[in-house]
Amino acid sequence: MPIQAPYGSWPSGWQAADASRGHSVVDWVGFAGSEVWWVAADAGDGRNHLVRPGADGRPEDVLPGDWDVRTAFMEYGGRPWVFLGTGGAVFVHWSDQRVYRWTPEAAVRPLSPRSDRYRYCDFAVRGDEVWCVRETTGGDVRRDLVALPLDGSARIRVLAATHDFLSGPRISPDGGRVAWLGWNHPDMPWTRTAVMVANVDPDGSLVGLRRLATGADESVTQIEWTSDGAALLVVSDRSGWWNVHEVSGDGRWRARCPRAEEFGEALWRIGASTCAALTGGGLAAAHGTGVRRLGLCDADGGLVDVDDGFTDWRSVVSDGRRVAAVAAGPRRSRSVVLVEQGCTRVLWSSPGALASYASVPMLRTYQGVHAHVYEPHHPGYAGPPGEPPPYIVQAHGGPTSRGVPVADAVTTYFTSRGIGVVDVQYGGSTGYGRAYRDRLRHRWGEVDARDCATVARGLVAEGRADPSRIALRGASAGGWTALRSLIDDPDLYQAAVVYFPVLDARSWAKSTHDFESRYAEWLIGPWPQERGRYESRSPAAAVERIRTPLLLLQGARDAICVPEQADQFARYLASISVPVRYLRFHAEAHGFRQADTVARCLNAELDLYAKALRFPLPVEARA
């Protein structure tokens, strides 16, 4: 029988150190001949390793030495490597952002010049060149499609420069055509994008440039050539949902597996993939609304899901016959998987006892607002009968992003101690169609905060949450939402934790990086015509209305939410006697990566919740 103990006080075997290791990012899966390689962020050494399965099943480094495979492209990054068909790889090294070529029989050598202005990502190999998108930073910010010779000469060719923002090139199987995505300010890739196609001359130059017939308010998140190169697969929301369409050479569109579900994701990082072409006209695609399954779609549109227990799929790639991806589920930690003939094999899985402590999320909707509810869960403990637990209301970042209903290392840190967590998919979140995303247009700071309150009150009405013990947490745009919630509903929440939040919409729009510099026009309205909205909705403009105990966490190297604003915000709260604790980490940027930082933040969070939500801190022991 489970031991009864107050909620929040359960001694969990899933501790902050475990959660910080589970926080590591695994991404950018790709085929390398018969093998599958991927990028794994190591919270211990802070590097991003290009790895493959070793003989003993554990990942081993592909590259010799201390290489860090990561690009700073558009600040959020993108696909940083590609396999060379003859062996070896092309990749971006984090510290200098140069492109390098590695082959097993030769030393690693640079392919791009030394410069602090250039960033590269999303590569494709064509003949003796690697094609990619290059970002030029500094005063003249621009993106170009470029070709880098694989012999390392400095003869870099500019192929095209059609828009303010570009994805990397998708080269047809015969090498005779190339396609890419583009969009211009003030659009974001989830509001309006263009699909560009060109022919490739024998000398490698582009001719016959044309734009596919996409609508004025149509978002395309991914393009891929079919395996025979006869058509282009386009993930477009022209139906109101990101569905896969096949566009033939004469420009005709045909929906593949049309459903009121999402087959795409908001393009925060260039090179992200949710679908892949298979031989014989089929395709593999992650699809769904709250959860995402991997479906195999035949040439006639029939869709069969892979039955594997995973409910989130990303970085979906194929060699035509096999599919590789990163996947996770309610009882399955984040894994690198290989799908062959409908069967799934796990190549790597996050270490630790996460699955035994994880709470299985429930997908709930409260007055039209979607949410993932994680109830307190521990294999050996239970709360007092008839007593509702404390809850943390979580606002995801983005805000045009989403939470995923899977076993999560950080969520489990709280639920395994007897604290419920609800991940609110407020209006603007992806995963529920264009109309749901557009609920946030010009209403950021209103709809998101109101939806969080709706979900919190829904939990209380169901008897799931103690109305006097509700806290908030959010990061980046989620931090903005959490602070707006404290301002608009000061009596609903007893504590809040915000990581590197957006504090002032006016200065954020002016000081943030180029990718998001016009984002506020969609979120709030055109500047300066809507100056009043910018001023009234910014948490910094209403900081005097905050009275809730607050933990503020900030990276000193953050280029998206500048740390000086957080400094000022914390000082002002302290000056008006609001209980605030401010932690500033000198080696962190936007999104904490170091294991010690993540663990320290979680322990600080738990300390605040224990005081504000009135439960004794657990005596930590392996239970």
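What you see is a predicted model, and the numbers here were worked out from it, not measured in a lab. (Residues numbered from 1 in each chain as written. Predicted model: local features only at pLDDT ≥ 70, side-chain atom pairs only at ≥ 80, totals over all residues. Heavy atoms only, no water.)

Draft legend 1. Spatial organisation of the overall build of the protein chain. Helices and strands together make up the secondary structure of the protein chain, namely 11 helices and 39 strands. Computed over its C-alpha atoms, the radius of gyration of the protein chain comes to 24 Å, within 12% of the 25 Å expected for a compact globule of 623 residues. Its C-alpha atoms put the protein chain at 70 × 60 × 50 Å along the principal axes. Relative to its full complement of 623 residues, the protein chain shows a buried share of 59%. Contacts in the protein chain between residues at least 24 apart in sequence constitute 59% of all its contacts with a sequence separation of at least 6. When the accessible surface of the protein chain is summed, it comes to about 22,800 Å², and 49% of that surface belongs to carbon and sulfur atoms. If you average the places of the 69 positive and of the 72 negative side-chain charges in the protein chain, the two averages end up 2 Å apart. (Helix = DSSP H or I, 4+ residues; strand = E, 2+ residues; numbered from the N terminus. Rg over C-alpha atoms; globule rule 2.2 N^0.38 Å. Buried < 20%, exposed > 50% of the residue type's maximum accessible area, 1.4 Å probe, protein only. Contact = heavy atoms within 4.5 Å. Areas by Shrake-Rupley, 256 points an atom, 1.4 Å probe, with all protein chains shown as cover. Lys, Arg positive; Asp, Glu negative; His and termini not counted. Charge placed at Lys NZ, Arg CZ, Asp CG, Glu CD.)

Draft legend 2. Region of the structure containing the sheet that holds strand E21 (residues 243-248). Pairing is antiparallel across the open sheet formed by four strands, whose spatial order is E19-E20-E21-E22. Edge strands, defined here as strands with exactly one partner in the open sheet, are strand E19 (220-225) and strand E22 (253-256). Within this sheet the neighbouring strands show an average axis-to-axis angle of 25°, counted without direction. Summarising the sheet, E19 and strand E20 (residues 231-236) pair through five bridges and their orientation is antiparallel. Residue pairing in the sheet places Val 220 in a bridge with Ser 236 of E20. (Pairing = 2+ DSSP bridges. Axes fitted to C-alpha atoms, helices over the stretch in contact; angles between N-to-C directions.)

Draft legend 3. How the structure looks around the sheet that holds strand E8 (residues 99-103). On the basis of which strands lie adjacent, the open sheet formed by four strands has the order E6-E7-E8-E9 and antiparallel pairing. The strands lining the two open edges of the sheet, one partner per strand, are strand E6 (81-83) and strand E9 (106-110). On average, each strand axis in the sheet is inclined to that of its neighbour by 15°, with strand direction left out of account. Taken together, the three bridges between E8 and E9 define a ladder with antiparallel strand orientation. Residue pairing across strands places Thr 103 opposite Ala 106, the latter belonging to E9.

Draft legend 4. Expanded view of the packing of aromatic side chains. Summed over all chains, the structure comprises 29 aromatic pairs. Pairing Tyr 499 with Phe 592 gives two aromatic rings, centres 5.8 Å apart and planes at 55°, and the pair type is tilted. With Tyr 499 in strand E37 (residues 495-499) and Phe 592 in the loop between strand E39 (580-585) and helix H11 (595-612), this residue pair connects regions lying 93 residues apart in the sequence. Comparing Tyr 499 with Phe 592, the two get one shared label, buried. One aromatic cluster in this structure is built from Tyr 76, Phe 165, Trp 183, Trp 190, Trp 268, Trp 444, Trp 480, Trp 508, Phe 515 and Tyr 519. Here Arg 238 stacks its cationic end above the ring of Trp 253, 3.6 Å away from the centre of that ring. (Phe/Tyr/Trp six-rings, centres within 6.5 Å; stacked < 30°, edge-to-face > 60°. Lys NZ or Arg CZ within 6 Å of the ring centre and 35° of its normal.)

Draft legend 5. Representation of the pattern of salt bridges in the model. Under the criterion given, the structure shown has 50 salt bridges. Between Arg 292 and Glu 265 there is a salt bridge whose closest N-O contact spans 3.1 Å. Of the two residues, Arg 292 sits in strand E25 (residues 292-297) while Glu 265 sits in the loop between E22 and strand E23 (275-277), which places them 27 residues apart along the sequence. What makes Arg 292 buried here is its relative accessible area of 1%. A cluster of three or more residues bridged by salt bridges with shared partners is formed by Glu 265, Arg 292, Asp 312, Arg 314, Arg 334 and Arg 402. (Salt bridge = Lys/Arg side-chain N within 4 Å of Asp/Glu carboxyl O.)

Draft legend 6. Main features of the side chain of Ser 236. Looking at where Ser 236 falls in the secondary structure, it is placed in strand E20. By relative accessible area, which is 0% here, Ser 236 ends up buried. Reaching out from Ser 236, the side chain makes a polar contact with the side chain of Glu 218 at a distance of 2.4 Å. In contact with Ser 236, other than residues within four places in its own chain, are Glu 218, Ser 219, Val 220, Trp 241, Trp 242, Asn 243, His 245 and Trp 253. (Polar contact = N/O pair within 3.5 Å; in protein donor to acceptor, adjacent residues only side chain to side chain.)

Draft legend 7. Region of interest: the pairing of strand E16 (residues 177-183). Taken across its seven residues, E16 has six buried, putting it largely inside the fold. Relative to E16, strand E14 (residues 165-166) runs antiparallel, the two being bridged by two bridges. Looking at the pairing, Phe 165 lines up with Trp 183 of E16. Relative to E16, strand E15 (residues 170-171) runs antiparallel, the two sharing two bridges. Residue pairing for E16: Arg 170 is matched across the bridge by Ala 179. In this antiparallel pair of consecutive strands, E15 and E16, the connection spans five residues, and Gly 175 shows a positive phi of 75°. As defined by bridge partners, E16 adjoins strand E17 (residues 194-200) across six bridges and the pair is classed as antiparallel.

Draft legend 8. Structural detail: the state of the cysteines. The final tally for this structure, using the stated rule, is one disulfide. Looking at the unpaired Cys 601, the closest cysteine sulfur is the one in Cys 561, lying at 15 Å. (Disulfide = S-S within 2.5 Å.)

Draft legend 9. View of H11. With 18 residues, H11 ought to run about 26 Å at 1.5 Å a step, and its terminal C-alpha atoms sit 26 Å apart, in line with that. For H11, the tally of buried residues reaches 13 of 18 residues, placing the bulk of the element in the interior. Within two residues after H11, Arg 614 carries a phi angle of roughly 60°, on the positive side. (Expected span 1.5 Å × (residues − 1).)

Draft legend 10. Quick peek at the environment of Asp 27. Summarising the element assignment, Asp 27 is placed in strand E2 (residues 26-32). Taking relative accessible area as the criterion, Asp 27 reaches 6% and is therefore assigned buried. Placed 440 residues apart in sequence, Asp 27 and Pro 467 show a C-alpha to C-alpha distance of 39 Å. Among the polar contacts made by the side chain of Asp 27, one reaches the side chain of Arg 269 at a distance of 2.3 Å.

By themselves these figures say nothing about function.
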